[in-house]
Amino acid sequence: LKEDGSVITWGNQSFGGDSSAVSSKLSSGVSQIFSNRRAFAALKNDGSVITWGGTLYGGNSSAVSSELTSGVSQIFSNLNAFAALKDDGSVVTWGVGGSGLDSDSSYVRSTLSSGVSRIFSNRHAFAALKDDGSVFTWGLGHNGGDSSAVSSELSSGVSQIFSNRHAFAALKDNGSVVTWGGRSDGGDSSSVSSELSSGVSQIFSAVEAFAALKDDGSVITWGNQSFGGNSSSVSRELSSGVSQIFSTDYAFAALKDDGSVITWGNRYYGGNSSSVS
């Protein structure tokens, strides 16, 4: 993206390196560029969207082109699809059906026709947070596109949504957490449900696990036990005094109020810091 609002592309021609088909539309007025695995979407100053790259992955948005001519404020993506949030709170989706399963169905389109404030994604699903604090999901069901099992808990009061590769975690206004998606990746938090019922201030994620920071400075973890979901080896150190949490793909590091650092997860990804403890 150049200072004059034009766009230059290069690389694999099939995956967005060749934008010649839309070069005239990318010659000026572009404010932001978004991408997924094989395609690009450019948001222009006038609120329109231009796409190119892998046709099936969102590079071809002709099916929804009339809805992308104006009024788009933000674009979100997962591996193979895009979702555009418009000024009027509606959402337009396009890309591979496998990553936005039934995203073109009348039910999804009507539910996303108004009231959406933010969109979140993982590899194969989307979650829309609405103005009324409810959450609507679509995409591959076992990756979080199907949240029917927790629909009653997502009907109101959600303030933020976090994701990892295959799961979601919603933080509610009352400090509780609701999870869904890949069970072993953190979609199932039943083992720590009592600890996530209140007092959570923030949630952090690795690829297959989550870590919740509570108001009292303690940390609760769940998900793949080998990659940060199990912090029992440092549970005493994480029981209080934590101010921030950081992550790699498969490990976590907690910064404490006294300036010390506690790590857990896969030792090869930073979970074992004994050599510099």
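Computed from a predicted model, the values in this text were never measured in an experiment.

> Summarise the sheet that holds strand β17 (residues 251-256); cite the residues concerned and give the values.
With antiparallel pairing, the three strands of this open sheet are ordered in space as β16-β17-β18. Where the open sheet ends on each side, the last strands, each with one partner, are β16 (242-247) and β18 (261-265). Strand-to-strand twist across the sheet, computed as the mean angle between neighbouring axes with direction ignored, equals 20°. Strand direction decides the pairing type here: β17 and β18, joined by five bridges, are antiparallel.

> Can you explain the nonpolar core? Please cite residues and give values.
Core analysis: the biggest nonpolar cluster contains 14 residues, and Val219, Leu238, Val242, Ile245, Phe252 and Trp264 have the highest contact counts within it. When residues of this core are assigned to their parent elements, the largest contribution, three residues, is made by strand β14 (residues 209-214). With residues up to four places along the chain from it excluded, the contact list for valine 219 reads Ala211, Ala212, Leu213, Leu238, Val242, Ile245 and Trp264.

> Can you tell me about the layout of surface pockets, naming the residues and giving the values?
Of the pockets and cavities examined, the largest pocket occupies roughly 330 Å³. Around the largest pocket, the lining comprises 20 residues; the ones closest to its centre are Val150, Thr179, Trp180, Gly187 and Asp188. Taken together, the residues of the lining of the largest pocket break down into six nonpolar, 10 polar and four charged.

> How would you sum up the pairing of strand β11 (residues 167-172)? Please name residues and give values.
Within β11, six of the six residues are buried, which leaves the element mostly enclosed by the surrounding structure. Here β11 shows a buried face lined by Ala167, Ala169 and Leu171 and a second buried face lined by Phe168, Ala170 and Lys172. Between strand β10 (residues 158-163) and β11, which pair antiparallel in sequence order, lie three residues. As judged from the five bridges shared by β11 and strand β12 (residues 177-181), these two strands associate in the antiparallel manner. In the sheet register, alanine 167 faces β12, and the bridge partner there is glycine 181.

Rules behind the numbers
- Residues numbered from 1 in each chain as written.
- Predicted model: local features only at pLDDT ≥ 70, side-chain atom pairs only at ≥ 80, totals over all residues.
- Heavy atoms only, no water.
- Pairing = 2+ DSSP bridges.
- Helix = DSSP H or I, 4+ residues; strand = E, 2+ residues; numbered from the N terminus.
- Axes fitted to C-alpha atoms, helices over the stretch in contact; angles between N-to-C directions.
- Core = buried A, V, L, I, M, F, W, Y, C linked by side-chain atoms within 4.5 Å.
- Buried < 20%, exposed > 50% of the residue type's maximum accessible area, 1.4 Å probe, protein only.
- Contact = heavy atoms within 4.5 Å.
- 1 Å grid on protein atoms, 1.4 Å probe; cavity = no way out; pocket = protein on both sides within 12 Å on 5 of 7 lines; lining within 4 Å.
- Points joined across faces, edges and corners; volume = space filled by probe spheres on them.
- Nonpolar A, V, L, I, M, F, W, Y, C, P; charged D, E, K, R; others polar.

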